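Residues per chain are reported as follows:
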Amino acid sequence: MKDQFDYDLFVIGAGSGGVRAARMAASKGKKVALAEERYLGGTCVNVGCVPKKLFVYASQFPEQFHSSQGFGWSQSSQPTFDWATLRDNKTTEIQRLNSIYESLIDNSGADLFDGRATVLGPNSVAVNGMTYSAKVILVATGGWPFIPDFPGCEHAISSNEMFFLDELPATAVVVGGGYIAVEFAGILNGLGVDTHLVYRGANLLKSFDREMSDKITAGMQEKGVKLHLNTQITSVEKEAGLFNVNTDRGETISSGLVLYATGRIANTSGLGLENTQIELRKDGSIPVDGHFCTTEPSVYALGDVIDRVQLTPVAIQEAMVLVDHLYGRGEAKIDYDNIPTAVFCQPEFGTVGLSEEAAIESYADIAVYTSDFKPMLQTLGGGNDRITMKLIVDKASDKVVGCHMVGEHAAEIIQGMGIAIKAGATKADFDATVGIHPSAAEEFVTMREPTR
Ligand code: FAD
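Here is what the cut-offs are and how they apply
- Residues numbered from 1 in each chain as written.
- Predicted model: local features only at pLDDT ≥ 70, side-chain atom pairs only at ≥ 80, totals over all residues.
- Heavy atoms only, no water.
- Pairing = 2+ DSSP bridges.
- Helix = DSSP H or I, 4+ residues; strand = E, 2+ residues; numbered from the N terminus.
- Axes fitted to C-alpha atoms, helices over the stretch in contact; angles between N-to-C directions.
- Expected span 1.5 Å × (residues − 1).
- Buried < 20%, exposed > 50% of the residue type's maximum accessible area, 1.4 Å probe, protein only.
- Contact = heavy atoms within 4.5 Å.
- Core = buried A, V, L, I, M, F, W, Y, C linked by side-chain atoms within 4.5 Å.
- Near = heavy atom within 4 Å.
- Polar contact = N/O pair within 3.5 Å; in protein donor to acceptor, adjacent residues only side chain to side chain.
- Areas by Shrake-Rupley, 256 points an atom, 1.4 Å probe, with all protein chains shown as cover.
- Right-handed = clockwise from strand over helix to strand, strands pointing away.
- Phe/Tyr/Trp six-rings, centres within 6.5 Å; stacked < 30°, edge-to-face > 60°.

**Comments concerning the sheet that holds strand β10 (residues 226-228)**
Across a sheet, paired strands are connected by hydrogen bonds in the backbone, their directions being either parallel or antiparallel.
Thinking step 1. Strand order in the open sheet formed by 4 strands is β10-β9-β8-β14, and the pairing between neighbours is parallel. The open sheet has two edge strands, β10 and β14 (257-260), and neither has a second partner. Along the sheet, successive strands turn relative to each other by an average axial angle of 20 degrees, direction set aside.
Thinking step 2. When strand β8 (residues 171-175) meets strand β9 (residues 194-198), the two strands line up parallel, connected through 5 bridges.

Dropping the structure here:
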């Protein structure tokens, strides 16, 4: 019998989750449409993970130039930095990735619509003046930066604009205490900008292990970021091409840029979800069940818009689980426990499992192993960076329930630790693993005596 719908699946948003869902569903022979209003690859590719990491690399060179001298290198002149070269090379690379995404979507057989889609009803989507029916609609519209309302908020920019600045300022104020704020503070500082980080709370990265976030805070200060904790911005005024940033502590910071990284909200405004039975949460995000189904049985949602764990690999895995549920065996599952993650601040942070604070809440008795040392590069390189590692063990089962690292290559190292912890490795398994010498990572298998 001929299907009564134009599409089996209509995906709104070609970001991390939407592209994966569309391609996988199309590969299973389904008739798929994918609408994107802005840029293929979504936040991660265009104004998130990828360009940010390129900027992080750029910002680390001054320390590398400095370290190289202890290893016998000298340069005949001081290295100089050109922002426009970095910005434009980054944009060229992103355009290359955009076209790879376009080919992947084309080759999958999905129909790509370049336009903003709106939901007209449980099985109906409008895009570019046309209306299409779909058996299933998937909302994968991601999130958007949120700048609070305050006097002078129109002078603040979000992380979106950071990637396209005309010029790098001499001084910058970054506002926020989450991962995007600390990452951009590190980038700006590394690129030679006099960087102030203003945060209303007492602790940066507050959802992570406190000992680790304290190390990061100290490390950022050591590298030159000027921290203003327990401080709120009261107003921003423009004066002679600069911004006077006033705080509730009576300070005024004169700055060429004010970056607000104080949160993101679900991208659901004007999407037409009122034409369905979906009731959004107060913050605009979409509630879904264990199969990513909304309260409208034909409409599903995943990724940042459902406000669970806002990471690219999570959105991608959710997409694979959903396609398996809709068109496969329905066996795939996503486990939100023990998701390894990194913050590309400077010093870098990698983490998987429970913080010490959460482990104390969850287990009757834990053992904490820590190690803090100078990385080998610093011995001749002469920097002040350190590496801190931490393992948290449930004493009853001997399972390692938390693994954290601050310092060089933390993200790369923690990815492997993530597999061990996901597999339920015990401290005895860590102890029985032979280290790789000389490496920083070997410390994770040589911590013998608990610190507490
Ligand atoms: P998105 O990737 O945001 O895609 C949604 C897409 O939907 C967008 O392209 C949007 O234009 C489109 N859209 C919205 N509404 C419509 C509509 N009505 N019609 C058509 N199209 C529409 N995650 C990590 O894992 N690692 C990192 O290092 C990392 N760094 C980040 C750094 C920054 C500065 C930011 C902002 C985010 C970062 N993230 C990182 C988070 C990551 O980018 C997101 O978790 C991920 O992109 C979410 O994917 P998604 O598919 O849910 O949404």
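**Description of helix α4 (residues 83-108)**
Thinking step 1. Between its first and last C-alpha, α4 extends 37 Å over 26 residues, near the 38 Å set by a 1.5 Å rise per residue.
Thinking step 2. Within the sequence span of α4, burial applies to W83, L86, R87, K90, I94, L97, N98, I105 and S108.
Thinking step 3. The secondary structure elements touched by the buried residues of α4 are α1 (16-27), β2 (32-36), α2 (42-47), α3 (49-70), β3 (111-114) and α5 (159-162).
Thinking step 4. Looking one or two residues past α4, G109 carries a phi angle of roughly 95 degrees, positive in sign.

**Things to note about the nonpolar core**
Here is a general trend for soluble globular proteins: nonpolar side chains tend to be buried in one another's company.
Thinking step 1. Counting 51 residues, the largest nonpolar core has F10, V139 and F292 as its most contacted members.
Thinking step 2. Of all elements in the fold, only β1 (7-12), α1, β2, β4 (117-121), β5 (124-127), β6 (130-139), β16 (299-301) and α8 (312-327) reach the threshold of two or more residues within this core.
Thinking step 3. Counting 41 residues, the second-largest nonpolar core is a separate cluster that includes M162, M212, L259 and F349.

**Observations regarding the site of the ligand**
Thinking step 1. Surrounding the ligand, one finds 36 residues, the nearest of these being G17, E36, T43, K52 and D304.
Thinking step 2. Between the ligand and the protein, one listed contact pairs an oxygen atom with a backbone N or O atom of Q310 at 3.4 Å.
Thinking step 3. The separation between an oxygen atom of the ligand and a polar main-chain atom of L311 is 3.3 Å.
Thinking step 4. Notes on the ligand: free accessible area 1,000 Å², of which the protein chains cover 96%.
Thinking step 5. Those elements giving two or more residues to the shell around the ligand turn out to be α1, β2, α2, α3, α6 (179-190) and α8.

**Things to note about the pairing of β2**
Thinking step 1. The buried fraction of β2 is high, at 5 of 5 residues.
Thinking step 2. Of the two faces of β2, the one lined by V32, L34 and E36 and the one lined by A33 and A35 are each fully buried.
Thinking step 3. Tracing the backbone out of β1, into α1 and back to the parallel element β2 gives a crossover that is right-handed.
Thinking step 4. Strand direction decides the pairing type here: β2 and β3, joined by 4 bridges, are parallel. Looking at the pairing, A33 lines up with D111 of β3.

**Concerning the side chain of H228**
Thinking step 1. Position of H228 relative to the elements: it lies in strand β10.
Thinking step 2. In this structure H228 touches H196, L197, V198, Y199, E251 and I253, once residues within four positions along its chain are discounted.

**Let's talk about the environment of R308**
Thinking step 1. Among the structural elements, R308 can be located in the loop between β16 and α8.
Thinking step 2. You can call R308 partly exposed: its relative accessible area is 33%.
Thinking step 3. Considering only alpha carbons, one finds R308 and F444, 136 residues apart in sequence, at a separation of 30 Å.
Thinking step 4. Each residue touching R308, except ones within four places of it in the same chain, is listed here: V288, D289, F292, E318 and Y336.
Thinking step 5. Of the polar contacts made by the side chain of R308, one reaches the backbone oxygen of V288; its length is 3.4 Å.
Thinking step 6. Among the polar contacts made by the side chain of R308, one reaches the main-chain carbonyl oxygen of D289 at a distance of 3.4 Å.

**As for the packing of aromatic side chains**
Thinking step 1. Counted by the stated rule, this structure contains 12 aromatic pairs.
Thinking step 2. Relative to F349, the ring of F208 lies with its centre 5.3 Å away and its plane at 90 degrees, an arrangement referred to as edge-to-face. Placement of the pair is F208 in the loop between β9 and α7 (210-223) and F349 in strand β18 (residues 349-353), with a sequence separation of 141 residues.
Thinking step 3. One aromatic cluster is present, built from ring pairs that chain together Y7, F10, F113 and Y132.

**What about the pairing of β8?**
Thinking step 1. β8 sits mainly inside the fold: 5 of its 5 residues count as buried.
Thinking step 2. Covered by surrounding structure in β8 are T171, V173 and V175 together with A172 and V174, the residues of both alternating faces.
Thinking step 3. Sheet analysis places β8 next to β14, joined by 4 bridges and oriented parallel. Paired with V173 across the strands is V258, a residue of β14.

**Some words on helix α11 (residues 410-422)**
Thinking step 1. Here α11 is 13 residues long and its end C-alpha atoms lie 18 Å apart, about the 18 Å a rise of 1.5 Å per residue gives.
Thinking step 2. Those residues of α11 not exposed but buried are A410, A411, I413, I414, M417, G418 and I421.
Thinking step 3. Buried residues along α11 sit in contact with β17 (341-343), β18, β21 (400-406) and α12 (427-432).
Thinking step 4. Backbone geometry just after α11 places G424 at a positive phi near 85 degrees.

Don't take any of this as a statement about function, it's just geometry.
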